[in-house]
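The residues making up each chain are set out below.
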Amino acid sequence: MCEKLFVYGTLRLNGGSNHLLGEAQLIGEATTKGVLYDMEAFPALVREEGVVKGEVWEVPGTLLGALDYYEGAPELYVRHKFPVEVVVGSVVVEMLAWVYVYQLSVEGLKWIESGDWVEERGG
């Protein structure tokens, strides 16, 4: 069974680790509620008022365990299902997708005002 996954950092196209998605299929560019902080090597999403930009992928459910390991779940991130808005062709579709949410303090981290980590890094 396939699952929807919202990615906003290293797993995005141009994010550096997109190859870990393997056979996953890109559904489209997307946004979800949250705020991003820059941890240099990767971003941290927290559920606060704001908009985070990313992509939604359809991934085999069997891949989620490996992605949890990559994301440091459940210590660093926890995977939750949240509403996302996805651009499919010329239409914006709302759906539920898994989102990795950062679990530690973001105190002292740089806020990514644009909500787009890849753009912030010049990708």
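Here the structure is a predicted model, which means the values were calculated and not measured.

Procedures and definitions
- Residues numbered from 1 in each chain as written.
- Predicted model: local features only at pLDDT ≥ 70, side-chain atom pairs only at ≥ 80, totals over all residues.
- Heavy atoms only, no water.
- Pairing = 2+ DSSP bridges.
- Helix = DSSP H or I, 4+ residues; strand = E, 2+ residues; numbered from the N terminus.
- Buried < 20%, exposed > 50% of the residue type's maximum accessible area, 1.4 Å probe, protein only.
- Salt bridge = Lys/Arg side-chain N within 4 Å of Asp/Glu carboxyl O.
- Phe/Tyr/Trp six-rings, centres within 6.5 Å; stacked < 30°, edge-to-face > 60°.
- Lys NZ or Arg CZ within 6 Å of the ring centre and 35° of its normal.
- 1 Å grid on protein atoms, 1.4 Å probe; cavity = no way out; pocket = protein on both sides within 12 Å on 5 of 7 lines; lining within 4 Å.
- Points joined across faces, edges and corners; volume = space filled by probe spheres on them.
- Nonpolar A, V, L, I, M, F, W, Y, C, P; charged D, E, K, R; others polar.

A. Structural context of the pairing of strand E4 (residues 77-88). The pairing of strand E2 (residues 25-38) with E4 spans two bridges and is classified as antiparallel. Note that in E4 the partner of Ala-30 across the bridge is Val-86. Adjacent in sequence and paired antiparallel, E4 and strand E5 (residues 91-102) are bridged by two residues, among which Gly-89 carries a positive phi angle near 65 degrees.

B. Main features of the environment of Val-46. Summarising the element assignment, Val-46 is placed in strand E3 (residues 43-60). What makes Val-46 buried here is its relative accessible area of 10%.

C. Quick peek at the pattern of salt bridges. Applying the stated criterion across every chain yields a total of seven salt bridges. Here Glu-49 ties to Lys-33 by a salt bridge, and the two come within 3.3 Å at their closest N and O atoms. Of this pair, Glu-49 sits in strand E3 while Lys-33 sits in strand E2; the two residues are 16 residues apart in sequence, bridging distant segments of the chain. As a salt-bridge pair, Lys-110 and Glu-120 come within 2.7 Å of each other at their nearest N and O atoms. Highlighted residues: Lys-110 in strand E6 (residues 110-112) and Glu-120 in helix H2 (residues 117-120), separated in sequence by ten residues. Judged by relative accessible area, which is 47%, Lys-110 ranks as partly exposed. In this structure Glu-120 comes out as partly exposed when scored by relative accessible area, which is 35%. If you follow the salt bridges from partner to partner, you end up with Arg-12, Glu-55 and Asp-116 in one network.

D. Representation of the packing of aromatic side chains. The tally for this structure, following the rule as stated, stands at three aromatic pairs. Through a chain of ring-to-ring contacts, three or more aromatic side chains come together here, namely Phe-42, Tyr-77 and Tyr-102. Over the face of the ring belonging to Phe-82 we find Arg-47, whose NZ or CZ atom lies 3.6 Å from the ring centre. Over the face of the ring belonging to Trp-98 we find Arg-79, whose NZ or CZ atom lies 4.4 Å from the ring centre.

E. Up close: the layout of surface pockets. Approximately 200 Å³ is the volume attributed to the largest pocket. What lines the largest pocket is a set of 14 residues, and nearest its centre among them are Thr-10, Phe-42, Tyr-70, Glu-71 and Tyr-77. Class assignment of the residues belonging to the lining of the largest pocket gives a composition of ten nonpolar, three polar and one charged. Its boundaries defined by the atoms lining it, the second largest pocket holds a volume of some 170 Å³. Looking at the second largest pocket, it is lined by twelve residues, and the ones nearest its centre are Arg-12, Glu-29, Gly-54, Glu-55 and Asp-116. Elements represented by at least two residues in the lining of the second largest pocket include exactly E2 and E3.

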